[in-house]
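# Notes for the structure review
If you want the building blocks of each chain, they are given just below.
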Amino acid sequence: MAPPAVTVELSGRLTEEDAITMEREVWDQLQTAELSLPVLFDLEELEGCQLLARPALIALQTRIASQQRRSAWVASRPRFRGLGLLICHEARDPLASVVPNRELATQWFEGDGKREDAAQRVAKRLAEIKAGEAK
Amino acid sequence: MKTNLSVGQRLFLAAYNRAFATFLGWRQDAINEEYVRTYGVSGLLKFGKMIGDVIATLTERYGEAHAQHLVGFAGLLNGCGFCGVGHNLTANVLLFQDDGSIFPIDEQDVPRLQHLEDSALMAELEAKLVDTEYTHVLELLQRMYSLRNGGVQSESEDDTYLLLALDMWLVNNECTIAIGLDIEPEQVPIFAKFSRDSELYRRYREARTAEI
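Residues numbered from 1 in each chain as written. Chains lettered and ligands numbered in written order. Predicted model: local features only at pLDDT ≥ 70, side-chain atom pairs only at ≥ 80, totals over all residues. Heavy atoms only, no water.

Okay, the environment of Gln9 of chain B next. Residue and element names in this part refer to chain B. Topologically, Gln9 is positioned in helix H1 (residues 7-24). The class for Gln9 is partly exposed, based on a relative accessible area of 21%. Remark: the alpha-carbon pair of Gln9 and Ala178, spanning 169 residues in sequence, is separated by 19 Å. One polar contact links the side chain of Gln9 to the main-chain amide nitrogen of Ser6, over a distance of 2.9 Å. (Helix = DSSP H or I, 4+ residues; strand = E, 2+ residues; numbered from the N terminus. Buried < 20%, exposed > 50% of the residue type's maximum accessible area, 1.4 Å probe, protein only. Polar contact = N/O pair within 3.5 Å; in protein donor to acceptor, adjacent residues only side chain to side chain.)

Our next topic: the sheet that holds strand E2 (residues 39-49) of chain A. Residue and element names in this part refer to chain A. The 4 strands lie next to each other as E1-E2-E3-E4, forming an open sheet whose pairing is parallel. Here the strands that pair on one side only, and so sit at the sheet edges, are strand E1 (6-14) and strand E4 (96-99). Direction aside, the axes of adjacent strands within the sheet are offset by 20° on average. Relative to E4, strand E3 (residues 71-74) runs parallel, the two sharing 4 bridges. Note on E4: the bridge partner recorded for Val74 is Val99. (Pairing = 2+ DSSP bridges. Axes fitted to C-alpha atoms, helices over the stretch in contact; angles between N-to-C directions.)

With that out of the way, let us pick up the packing of helix H3 (residues 64-77) of chain B against helix H4 (residues 81-99) of chain B. Residues and elements named next belong to chain B. Where H3 meets H4, the closest approach of the two axes is 7 Å, and the angle between their N-to-C directions is 160°. On the basis of their axis angle, the class for H3 and H4 is roughly antiparallel. Handedness of the crossing formed by H3 with H4: left-handed. From H3, Glu64, Ala65, His66, Gln68, His69, Val71, Gly72, Phe73, Gly75 and Leu76 reach across to H4, where they touch Cys83, Gly84, His87, Asn88, Thr90, Ala91, Asn92, Leu94 and Leu95. Split into classes, the residues belonging to the contact of H3 with H4 amount to 8 nonpolar, 10 polar and 1 charged. (Parallel < 35°, antiparallel > 145°, perpendicular 65-115°, else oblique. Left-handed = near helix turned anticlockwise from the far one by under 90°. Contact = heavy atoms within 4.5 Å. Nonpolar A, V, L, I, M, F, W, Y, C, P; charged D, E, K, R; others polar.)

Here we come to the state of the cysteines. With the rule as written, the count across this model stands at 0 disulfides over all chains. Its sulfur unpaired, Cys88 of chain A is 13 Å from the next cysteine sulfur, which belongs to Cys49 of chain A. Cys88 of chain A sits in the buried class, given a relative accessible area of 0%. Cysteine Cys80 of chain B shares no disulfide, and the gap to the nearest cysteine sulfur, in Cys83 of chain B, comes to 3.9 Å. Cys80 of chain B gets classed as buried once you look at its relative accessible area, which sits at 0%. (Disulfide = S-S within 2.5 Å.)

Here we come to unusual backbone geometry. Residues and elements named next belong to chain A. Its identity as a non-glycine residue notwithstanding, Gln68 has a phi of 55°, on the positive side. Phi at Arg92 is positive, roughly 50°, even though this residue is not glycine. If you trace the backbone, Arg92 turns up in the loop between helix H3 (78-90) and E4. The class for Arg92 is partly exposed, based on a relative accessible area of 35%.

Here we come to the pattern of salt bridges. Residues and elements named next belong to chain B. For the coordinates displayed, the defined rule picks out 29 salt bridges over all chains. Put simply, Arg27 and Asp29 hold a salt bridge, and the shortest N to O gap is 3.1 Å. Judged by its relative accessible area of 28%, Asp29 is partly exposed. Between Glu33 and Arg37 there is a salt bridge whose closest N-O contact spans 2.8 Å. In this pair, Glu33 and Arg37 are both assigned in helix H2 (residues 29-62), 4 residues apart and thus about one turn of the helix distant. A relative accessible area of 23% means that Glu33 is categorised as partly exposed. Looking at Arg37, the relative accessible area reads 14%, which means it is buried. Counted as one network, the salt bridges with shared partners bring together Arg10, Glu33, Glu34 and Arg37. (Salt bridge = Lys/Arg side-chain N within 4 Å of Asp/Glu carboxyl O.)

Rendered as structure tokens:
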């Protein structure tokens, strides 16, 4: 069974007003939630996101970063994974990740890695290949 | 809110962007700036070298064009139009230069593909790469997709190379996404010594249009 998380399901076309309301409501909830509780943003039913909605999403992610709380943006469309990545990037939140499904979100919540760890894996694999040790 | 660059960083970038364009053949000033904003000058240099090493490693194993297809697919999956369009464009022109062939996936189609559900995206790639000459590249793309989506564990030498591409583009897209999420395909450069103004590119587009 997946561990509990504060889950935010976004659907339809997200407007600036929707995003501002969502930011306020989720932040209200997170201020009293256990810090060990991660946040899952589910974009499966999202159809679009106004450009003007992005600042509120980035502001919320920045607040989550200030709590050092783990979070994940789940999207099965590349376009919305890109949106999630932009938000994590602009919020400078190393504990936020973008994943294609909820199973990988659960793995992310259970681990202690950071998004930037991918660079260490690249260096390790390059060294393995150079040494002829690739599996 | 964007972090301002220092005067020193701006001076460095002015020189670096010129040298980058001279030695590599295309400009990506806004991407370089985002790298410096995110990782500093040392990060730009470190990851720039790392990307070069990864592409060289993939090229040695799969050839120049398919190495570009693989990293282009990694960028496509991450939602980056700069990498999704740019590396597929580079791959397609290189293939055309090699033997006159037109790869079935048009780089201009990448933004539309990025709006599809992953399952529909893979179904479309499978339908387009149905000819036997594309069997190997299709298998590599399918395997990359499975590795990215966590459905399988790494178990072969190829997997090490495919994960190398996927992880490198997780790092790269961290910065390119700031420009690549909303970029128009026509604004993306070819990542090679020849540009969109070249005779080679003009002939490639003409041949692709004639294929339809």
